[in-house]
Amino acid sequence: MKELQRLVRLIDKYSPKLAPLIHIQDDSKLETKLFNFLRESVVLSDEAVAKELYGDEKLTGSFRTLKSRFRKKLYNHLHFLEISHGEQRSSNIVNYKCLSLLTEAYALMVNSELKLALKLFDQVIEVAEEHEVNEMLIKALEGKKRIFLYTSEAKMFHLCDADLKRCYDIQCFEREALAIYDHTMIALRGHTNPRRGVVESLPDSLEKMWLLYEKSNSSLIFYHRHILQIAYLEQSGRYSEIVQAIAHAGELVSANQVNNSWYNTKYNAYTEVYALLQSRQYERGLELAAKNVKLFEKYASNWFAFMENYVLLAIHSRQYQLAENLLKDVIENEHIRKLSDASVERWELYRRYFVFLVEHVVGERQQALSSEITAKLLILPNDKAGFNLALLVLDVLERLSEGDLDELEVQAERVRKYTQKYLRGEKAERPRLFMRLLLLALTRQNAREAREQGQQLLERLQAEPLPGDAFTEVEIVPYEHLWEHALQLLERQQGQL
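Anyway, here's the lowdown on the structure attached to this text. (Residues numbered from 1 in each chain as written. Predicted model: local features only at pLDDT ≥ 70, side-chain atom pairs only at ≥ 80, totals over all residues. Heavy atoms only, no water.)

What follows is about the overall build of the protein chain. Within the protein chain one finds 21 helices and 0 strands. Relative to the compact-globule value of 23 Å for 497 residues, the protein chain shows a C-alpha radius of gyration of 30 Å, a clear excess of over 25%. Partitioning the intrachain contacts of the protein chain with sequence separation of at least 6 by distance along the chain shows that 64% fall at a separation of at least 24. As presented, the protein chain carries roughly 27200 Å² of accessible surface, and 50% of it is formed by carbon and sulfur atoms. Charge-centre separation for the protein chain: the mean point of 66 positive side chains lies 6 Å from the mean point of 72 negative side chains. (Helix = DSSP H or I, 4+ residues; strand = E, 2+ residues; numbered from the N terminus. Rg over C-alpha atoms; globule rule 2.2 N^0.38 Å. Contact = heavy atoms within 4.5 Å. Areas by Shrake-Rupley, 256 points an atom, 1.4 Å probe, with all protein chains shown as cover. Lys, Arg positive; Asp, Glu negative; His and termini not counted. Charge placed at Lys NZ, Arg CZ, Asp CG, Glu CD.)

The subject of this paragraph is the packing of helix 16 (residues 341-362) against helix 17 (residues 387-402). Where helix 16 meets helix 17, the axes come as close as 11 Å, and the angle between the chain directions of the two elements is 25°. Taken together, the axis directions place helix 16 and helix 17 in an arrangement best described as roughly parallel. Helix 17 is crossed by helix 16, and the crossing has left-handed handedness. Residues Arg346, Leu349, Tyr350, Arg352, Tyr353, Phe356 and His360 of helix 16 form the contact with helix 17, whose participating residues are Phe387, Ala390, Leu391, Val393, Leu394, Leu397, Glu398 and Ser401. Across the contact of helix 16 with helix 17, the residue classes tally to 10 nonpolar, 2 polar and 3 charged. (Axes fitted to C-alpha atoms, helices over the stretch in contact; angles between N-to-C directions. Parallel < 35°, antiparallel > 145°, perpendicular 65-115°, else oblique. Left-handed = near helix turned anticlockwise from the far one by under 90°. Nonpolar A, V, L, I, M, F, W, Y, C, P; charged D, E, K, R; others polar.)

On to the environment of Cys167. Take Cys167: it is sitting in helix 8 (residues 154-188). On the basis of relative accessibility, which here comes to 7%, the residue Cys167 falls in the buried class. Put simply, Cys167 and His131 are 36 residues apart on the chain and 14 Å apart in space, counted from C-alpha to C-alpha. Not counting residues within four places of it along the chain, the set of residues in contact with Cys167 comprises Asn134, Leu137, Ile138 and Leu141. (Buried < 20%, exposed > 50% of the residue type's maximum accessible area, 1.4 Å probe, protein only.)

Let us now look at helix 13 (residues 282-292). Every buried residue of helix 13 is listed here: Tyr282, Gly285, Leu286, Leu288, Ala289 and Asn292. In this fold, the buried residues of helix 13 make contact with helix 12 (265-278), helix 14 (301-316) and helix 15 (320-331).

Tracing the chain through its elements places Glu174 in helix 8. Apart from the residues within four sequence positions on either side, Glu174 is in contact with Asn134, Ser218, Leu220 and Ile221.

On to the nonpolar core, then. Among the nonpolar cores identified, the biggest contains 116 residues, and Trp347, Leu349, Tyr353, Leu400, Met435 and Trp483 are the most heavily contacted of them. Take this core: its biggest share by element is 11 residues, from helix 16. Residues within four places of Met435 in sequence aside, it is in contact with Leu389, Leu392, Val393, Val415, Tyr418, Thr419 and Leu423. Membership of the second largest hydrophobic core comes to 28 residues, among which are Ile138, Ala140, Leu141 and Cys160. (Core = buried A, V, L, I, M, F, W, Y, C linked by side-chain atoms within 4.5 Å.)

Structurally, Leu312 can be placed in helix 14. For Leu312, a relative accessible area of 9% puts it in the buried group. Ignoring any residue separated from it by four or fewer positions in sequence, one finds Leu312 in contact with Leu277, Tyr350 and Ile476.

Glancing now at unusual backbone geometry. Across the chain, the bulk of peptide bonds are trans and the bulk of non-glycine residues have phi less than zero. The phi dihedral of Ser152 falls on the positive side, at around 60°, and the residue is not glycine. When you line up the elements, Ser152 lands in the loop between helix 7 (134-150) and helix 8. Relative accessible area serves as the criterion here: at 63%, Ser152 is assigned to the exposed category. Residues other than glycine seldom take positive phi values, yet Asn217 does so here, at roughly 60°.

Relative to the assigned elements, Gln411 resides in helix 18 (residues 405-422). For Gln411, the residues in contact, after removing those within four places along its chain, are Asp395, Val396, Arg399 and Leu442.

Summed over all chains, the structure comprises 27 salt bridges. Its salt-bridge partner being Glu409, residue Arg416 comes within 3.7 Å of it at the nearest N-O pair. Here Glu475 makes a salt bridge to Arg430, at a shortest N to O gap of 2.8 Å. Here the residue Glu475 occupies a position in the loop between helix 20 (447-463) and helix 21 (479-496), and Arg430 occupies one in helix 19 (residues 429-443), the gap between them amounting to 45 residues. By relative accessible area, Glu475 is classed as buried at 8%. Taken together, the salt bridges that share partners define one network made up of Arg280, Arg430, Glu475 and Glu480. (Salt bridge = Lys/Arg side-chain N within 4 Å of Asp/Glu carboxyl O.)

Structural data, given as C-alpha cells:
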C-alpha cells in the first residue's frame, strides 16, 4: 500500500488541473457527448458539431476550448490502448507495450523512485526477451545500468554492462541489415531504370543479410530479409518459389529458430494467396483464401486487398458463382468508400469484367452486380502499361460482341497503335502476344480461320511465363481464357448471319 500511496502522491502533484483522460461512461459531460457523436457519425464540419453540442452553429470560445482540450485527452488515451495481436504485427505491439513501460520507468527515475523504476525495467526486459525485440531490451538495460551507477551497486552494474555489450553487437548487425533493406525497398518503389539495377543486385544483398542473420541469430534480420526475398522473387516472376519461401519461414518459426513475433501472419497469408494466383495453382489458392480471409477485419483496407486476389482466383478458375458472391460481399461493404480512388476503380473494373463474362460468355443476364461502383474511371486510364490495357481489352471484346464490321476495323487500329506505343520490352511479351491474337479475331470474321492462324501464337502465349512487374496486375482474366472467349464471340456472330 505504501507503493500505491507514493504513486498517488506523485500523480496528484504533477497531474494537470484538468483530468488527462476522457470519462467515456459519463454521458453528462460535453467531452463524452462529443466522443460518442464523432464515433457514431460521418465526418462533419465544426459548425455541425457545435450545433449538436450547443444548439448553435456559431464557433464560440467555449467550443474552441472544448475542441483543444478534447484533442489533448485523445492523445493521452493513446498511452492506454489495448491492441490485440490479431490486429497488428506482434513485434509492433511489443514495441508499443515496452515504450509505455519505459515512459513510466523514466518518470519514476526523474522523481528518484529508483526501486519502482527497476521493477518496470525488469518488466520491459521480460517482454523484450520473450519477443526478441533487441532495441527495447537495450533501453531497459541502459536504464537499469544508470540506476546501479546512482546506487553504486558495482556487481549489478557490471552484469548489466556485459548484457548490453552482447545486445550492442546484435544491434550493429541489425542496423547494417536494416540499412540494406531500407535502401533496397526505396529503390524498388522508384522509377523503372534504377529499380532494374537494384533487382540485379538483390541476390548479393540477400546473401549479405543471410550472413548477418547467421552471425546474430536476429529474428528482426530474418524478417526483413524474408520480405526482400519475396520482393526479388516477385520481380523475377518466380511465384512458386515465393510459396516455398513462406513455407520455409514457417518451418523456422516452428523450430524456434525465428521468434514467432517476427512472423507476420497476415502478410504471409496475403502473399501466399497472391503467389498461388500468379503461379496458377487455383485450387490450392482458393482453399487457402477461404481459410485466411478470416484473418482480416472487413473494415480494414487489407481485407479489400486480400479479396482482390480471392476474386481473381475465382475468376481465373472459372468459378463464377463464387466470384459473384465475393464481389457482392465487397461491393455491399460500406467501408469500400474509405478506399483510395484507385482501389475503388479497380473494383469497378473487376465488376465490369465479371458482368461481361457472365453475359457474353456464360450467356446469362447478370442482375446482382449490374450497378456501377463508380461511374467514371479517372485514374486507371493513365496507367498505360498496366490497368489501361485491361480497359482497352474489355472495350474491344465488348465491341467484338456487337459484330459491327466497320467498328471492328476501328478497334483493330486501336490495338495496333496501343501495342506499338506501350507494349515494349521482354516483360510485355505476354500482352503483346495476346494483342496479336486479338487482332486476328478483329480482322478474321471466320472463327475457324482465326483459331487456326492463332494456334502458334497461343502456344507461345501458354509457354510465356508471367512477368515480374506491373503487367502481372492486368490479367484480370487470363489471356488464354480471353482468346477462347473472343473465338466464342466470333462463332456466335457467324451463327447469327
